[in-house]
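Read off the chains here:
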Amino acid sequence: MKKDVKKLLKAAHEPSNLARKMHPFYKGKIEVVPKCRIKDFNDFSVWYSPGVAAVCTDIHKNPELVYEYTNKWNSVAVVSDGTRVLGLGDIGPEAGMPVMEGKALLYKYLGGVDAYPICLDTKDENKIIETVKILQPSFGGVNLEDIEQPKCFPVLQTLRKECRIPVWHDDQQGTALVTLAGFINALKVVGKKVGKVKVALIGAGSANICIARLLMLYGVKPGSIIMTDSKGTLHKGRTELKNSYPEKWEMCQETNENGVQGYIKEAMENADAVIALSTPGPDIIKKEWIKAMAKNPIVFVCANPVPEIWPWEAKEAGAAVVATGRSDFENQVNNSLGFPGVFRGVLDVRASTISDTMAITAAVELAACIADNKIRANKILPTMDDWKIFPQVAAAVGMRAIKEKLAGKKMSRDAIFNQAAEMIKRSRGITETMMSKGYIKKFR
């Protein structure tokens, strides 16, 4: 059944209207509060001078004790230069602060992780790299956010290689993880095998390039992937990308074994699935192109705020499973399902990095949060209100890090799950208590 597009668009604007009122009311979304006892002012002699000197001496002798004596073990820096904020583009570090604060809020509420927004007044990739490396003593991990391409690729690649704490770019790895989880369950709905499907990736930005890599690692044949950018399909003849865009050139070499040329239409022909993260729609993808796909096609149209084609139009064209990036439609592909649990797990086992196989493990676990007999065409992913998905993902990721010898601390799966669950419940309980006591003021 067709829906009222005007009504949907009006509803889509409502969060923005509320945001302009609620942000100044609360003057931000996060704050620092004590987590230690303060019975009286004598306690400051323990928490600060002179008592703290003994702790500093211990850490000087054994730097690993910083994880035991401070909150480094549970701290993540959310770092951005403000060059690719949401769909707004290069709006600068100050304008990016509300997004980074929002990310920190999600980390705390969903994962029990203390995250801090750090917006940098530089666009220089080398300075970003150097800044993150300098910040390492204060944090247990780093979440890169809203950094423009192509520099987001070398920034992440360099930091993953050279940092002693895990560094993650949520626009790449987070989006890819959750997309793969949805794809795994969508394949179950249509009864197709991962090694036998053809996949069209519409858009060749940081998210889809990372999605392509994870799909290939998971079992999709590289030659059966066809990716498009604004100039057409990626193929070995696109030599102009060799020096200007090495990540796209890599895809030209690995994918599209038949050398399909053209644009979106040609990429989608006879495809079993299309994953689009391109230009906001509608009408970027046509109904007739979906009709030309293989039987029971999977259609992920994740541009925001408007998907490349309206979901009901995709279904009318024959799509068996449709997912978008919006919360007001079925099957939202939402990064918030992934990163809180991933970082909860890597922090708890003190992982030194987040490998691609750890990301795939997280995707498989996230997909498994819905039992096979509960998976439906309109239910391929869990939602954020199911809090248990986060400790489940944390436990899976933590165990994978231990198996890959990337963890500084060994724990059992049950121990990781229970600690994660306790941390998440604590975060939510603190928020509920502060609201009930009036320390978080009621809006309206």
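Residues numbered from 1 in each chain as written. Predicted model: local features only at pLDDT ≥ 70, side-chain atom pairs only at ≥ 80, totals over all residues. Heavy atoms only, no water.

### Focus on the sheet that holds strand 7 (residues 232-233)
- Read from one edge to the other, the open sheet built from six strands follows the order 7-6-5-8-9-10, with strand pairing classed as mixed. Either end of the sheet is taken by a strand with one partner, and the two such strands are strand 7 and strand 10 (321-324).
- Across four bridges, strand 5 (residues 199-202) lies against strand 8 (residues 273-276) in parallel orientation. Bridged to V199 within strand 8 is A273. (Pairing = 2+ DSSP bridges. Helix = DSSP H or I, 4+ residues; strand = E, 2+ residues; numbered from the N terminus.)

### Concerning the sheet that holds strand 2 (residues 114-119)
- An order of 2-1-3-4 is seen for the four strands of this open sheet, with the pairing classed as parallel. For this open sheet the edge positions go to strand 2 and strand 4 (167-169), each flanked by a neighbour on one side alone. Within the sheet, the average angular offset between the axes of one strand and its neighbour, ignoring direction, is 25 degrees.
- Both strand 3 (residues 141-144) and strand 4 contribute to a ladder of three bridges, which runs parallel. Residue pairing in the sheet places V142 in a bridge with V167 of strand 4.
- Here helix 8 (residues 170-190) sits on the sheet in contact with strand 3 and strand 4, set at roughly 75 degrees to strand 4. (Axes fitted to C-alpha atoms, helices over the stretch in contact; angles between N-to-C directions. Contact = heavy atoms within 4.5 Å.)

### Describing the nonpolar core
- Membership of the largest hydrophobic core comes to 101 residues, with the highest contact counts inside it found for L144, F183, V199, L201, L215, F300 and L366.
- Tallying contributions element by element places helix 8 first for this core, with ten residues.
- In contact with F300, other than residues within four places in its own chain, are T179, G182, F183, A186, V274, I275, A276, A323, V333 and I380. (Core = buried A, V, L, I, M, F, W, Y, C linked by side-chain atoms within 4.5 Å. Buried < 20%, exposed > 50% of the residue type's maximum accessible area, 1.4 Å probe, protein only.)

### Considering unusual backbone geometry
- Of the consecutive residues S49 and P50, the connecting peptide bond is found in the cis state with omega at 10 degrees.
- One can find P50 in the loop between helix 2 (44-47) and helix 3 (52-61).
- Of note, the amide linkage connecting Q149 to P150 takes the cis form, showing an omega dihedral of 5 degrees.
- In the Ramachandran plot, N296 falls in the positive-phi region, its phi being about 50 degrees despite a non-glycine side chain.
- Mapped onto the elements, N296 comes out in the loop between helix 13 (287-291) and strand 9 (298-301).

### A short note on the side chain of E365
- Along the chain, E365 falls in helix 16 (residues 356-368).
- E365 sits in the buried class, given a relative accessible area of 17%.

### A few points about the packing of aromatic side chains
- As enumerated under the stated definition, the model contains eleven aromatic pairs in all.
- Ring geometry for F25 against F443: centres 5.2 Å apart, planes inclined by 80 degrees, an arrangement best described as edge-to-face. Taken together, the positions of F25 in helix 1 (residues 5-26) and F443 in the segment after helix 18 (413-436) put the pair 418 residues apart, joining distant regions of the chain.
- The partly exposed category is assigned to F25, whose relative accessible area is 31%. (Phe/Tyr/Trp six-rings, centres within 6.5 Å; stacked < 30°, edge-to-face > 60°.)

### Regarding the packing of helix 5 (residues 93-111) against helix 15 (residues 339-348)
- Relative to each other, helix 5 and helix 15 sit at 70 degrees, their axes nearing to 9 Å. In this view, helix 5 runs roughly perpendicular relative to helix 15, as classed from their interaxial angle. Here helix 5 and helix 15 pass one another in a crossing that is right-handed. Between helix 5, through K103, L106, Y107, L110 and G111, and helix 15, the contact on the second element is made entirely by F339, P340, F343 and R344. (Parallel < 35°, antiparallel > 145°, perpendicular 65-115°, else oblique. Left-handed = near helix turned anticlockwise from the far one by under 90°.)

### Focus: the side chain of R344
- Looking at the element boundaries, R344 is found in helix 15.
- Separated by 3.1 Å, the side chain of R344 and the backbone oxygen of G111 make a polar contact.
- Among the polar contacts listed, one links the side chain of R344 to the side chain of D348, at a separation of 2.7 Å.
- Those residues in contact with R344 that sit more than four places away from it in its chain are W73, N74, G111, G112, V113, A394, A420 and M423. (Polar contact = N/O pair within 3.5 Å; in protein donor to acceptor, adjacent residues only side chain to side chain.)

### Re the environment of W249
- Structurally, W249 is set in helix 11 (residues 246-254).
- The buried category is assigned to W249, whose relative accessible area is 16%.
- Here the alpha-carbon distance between W249 and Y107, two residues 142 residues apart in the chain, equals 35 Å.
- Apart from residues no more than four positions distant in its own chain, W249 is found in contact with H235, K236, R238, T239, L241 and K242.

### Side note on the pattern of salt bridges
- With the rule as written, the count across this model stands at 24 salt bridges.
- The shortest N-O distance in the salt bridge between R400 and E404 comes to 2.7 Å.
- With relative accessibility at 26%, the residue R400 sits in the partly exposed group.
- E404 gets classed as partly exposed once you look at its relative accessible area, which sits at 24%. (Salt bridge = Lys/Arg side-chain N within 4 Å of Asp/Glu carboxyl O.)

### Section: the packing of helix 9 (residues 206-218) against helix 16
- Helix 16 packs onto helix 9 with a crossing angle of 80 degrees between their chain directions and a minimal axis gap of 10 Å. Between helix 9 and helix 16, the angle falls in the class roughly perpendicular. Contact with helix 9, carried on its side by L214, L217 and Y218, involves D356, A359, I360 and V364 of helix 16 and no other residues of that element.
- Here the contact of helix 9 with helix 16 is built from residues that sort into six nonpolar, no polar and one charged. (Nonpolar A, V, L, I, M, F, W, Y, C, P; charged D, E, K, R; others polar.)

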